[in-house]
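Working through the structure, step by step
The residues making up each chain are set out below.
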Amino acid sequence: MKSQVKEEYQQIDQMPWAPFPEALSKGGIRWKLLNVEPGLGSWTAYFDCPAGSSFNAHIHQGPGEYLLTKGRMDVRGGKQAGGDTAVAPGYGFESAGARHDKTEFPVDSEFYMSFLGPLVFITPDEAPIAVVGWKQVQGAWAAFMETQKKAA
């Protein structure tokens, strides 16, 4: 018989910020990994996005939900370009297959997001650059935490 998954708790304000890879973003975005669930293929993170920062082009392989807790996020160019402009406090849902050529933060912003499945970062012609799912973020977070231990 399968056992129930153990509950977890994270005190977000006591977790260190890790730099989000510059190959996947611009402008100094930082993140905190809150949870991974291998059985669902899901992962949840909290992001800090300085004014002028952005995520590179990507496609959501599964749906995701976000809560913008601070600032503003222009998704798919923002409302003026036919996309969405999220203003805190704001909630958004991203369907499987959603393509974002650029997600920009014109002001200092923070958001919480749960992903069901990986993100595929792409070139303009949709060639994959990187697949970022629960296993990759878990490995990246573990490596970051190891550097924090060594620095202490």
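Up top is the structure.
Residues numbered from 1 in each chain as written. Predicted model: local features only at pLDDT ≥ 70, side-chain atom pairs only at ≥ 80, totals over all residues. Heavy atoms only, no water.

A few words on the overall build of the chain. Counting its secondary structure elements, the chain contains one helix and 15 strands. Taken against the 2.2 N^0.38 rule, which gives 15 Å for 152 residues, the C-alpha radius of gyration of the chain at 15 Å falls within 12% of a compact globule. Looking at the chain as a whole, 39% of its 152 residues qualify as buried. Counted over contacts in the chain with a minimum sequence separation of 6, partners at least 24 positions apart contribute 68%. Per element, the accessible surface of the chain, about 8600 Å² overall, is 56% carbon and sulfur. (Helix = DSSP H or I, 4+ residues; strand = E, 2+ residues; numbered from the N terminus. Rg over C-alpha atoms; globule rule 2.2 N^0.38 Å. Buried < 20%, exposed > 50% of the residue type's maximum accessible area, 1.4 Å probe, protein only. Contact = heavy atoms within 4.5 Å. Areas by Shrake-Rupley, 256 points an atom, 1.4 Å probe, with all protein chains shown as cover.)

A separate point is the environment of Ala96. On the secondary structure map, Ala96 appears in the loop between strand S10 (90–94) and strand S11 (99–100). Contact partners of Ala96, with chain neighbours within four places excluded, come to His60, Gln61, Gly62 and Pro63.

Here the focus is the sheet that holds strand S1 (residues 18–19). Hydrogen bonding along the main chain pairs the strands of a sheet, whether they run parallel or antiparallel. Across the sheet, six strands lie side by side as S1-S3-S4-S13-S7-S10; this open sheet has antiparallel pairing. The sheet is open, and its two borders are formed by S1 and S10, each paired with just one other strand. Across two bridges, S1 lies against strand S3 (residues 30–37) in antiparallel orientation. Across the sheet, residue Ala18 finds its bridge partner in S3, namely Trp31. Of the strands in this sheet, S1, S3 and strand S4 (42–49) touch helix H1 (residues 134–151), which is tilted by about 125° from S3. (Pairing = 2+ DSSP bridges. Axes fitted to C-alpha atoms, helices over the stretch in contact; angles between N-to-C directions.)

What follows covers the pattern of salt bridges. As enumerated under the stated definition, the model contains seven salt bridges in all. As a salt-bridge pair, Arg72 and Asp74 come within 2.8 Å of each other at their nearest N and O atoms. A residue is classified by how much of its surface remains accessible, and Arg72, at 29% relative accessible area, is partly exposed. It is possible to trace a salt-bridge network through shared partners that takes in Arg76, Asp84 and Glu94. (Salt bridge = Lys/Arg side-chain N within 4 Å of Asp/Glu carboxyl O.)

So, on to the nonpolar core. Among the nonpolar cores identified, the biggest contains 30 residues, and Phe20, Trp31, Trp43, Phe47, Phe55, Met73 and Phe111 are the most heavily contacted of them. Of all the secondary structure elements, the ones that give two or more residues to this core are S3, S4, strand S7 (64–70), strand S8 (72–75), strand S13 (109–116), strand S14 (119–122) and H1. It is S4 that provides the largest number of residues to this core, a total of five residues. In this structure, Trp31 is in contact with Pro16, Trp17, Ala18, Pro19, Phe20, Ala45, Tyr46, Phe47, Val137, Ala140 and Trp141, ignoring residues within four places of it in sequence. (Core = buried A, V, L, I, M, F, W, Y, C linked by side-chain atoms within 4.5 Å.)

With antiparallel pairing, four strands are arranged side by side in an open sheet as S11-S6-S14-S15. Strands at the two margins of the open sheet, each flanked by one partner only, are S11 and strand S15 (128–132). When strand S6 (residues 58–60) meets S14, the two strands line up antiparallel, connected through three bridges. Along S14, the bridge assignment pairs His58 with Phe121.

Moving on, we get to the pairing of S8. Direction of pairing for S8 relative to strand S9 (residues 84–87): antiparallel, over a ladder of four bridges. Of the residues in S9, the one forming a bridge with Val75 is Asp84. Across two bridges, the pairing between S8 and strand S12 (residues 103–105) is antiparallel. When the bridges of S12 are listed, Asp74 appears paired with Glu104.

Next up on the list: the environment of Gly27. Positionally, Gly27 belongs in the loop between strand S2 (25–26) and S3. We classify Gly27 as partly exposed; its relative accessible area is 45%. Sequence-wise, Gly27 and Trp43 are 16 residues apart; in three dimensions their C-alpha atoms are separated by 23 Å.

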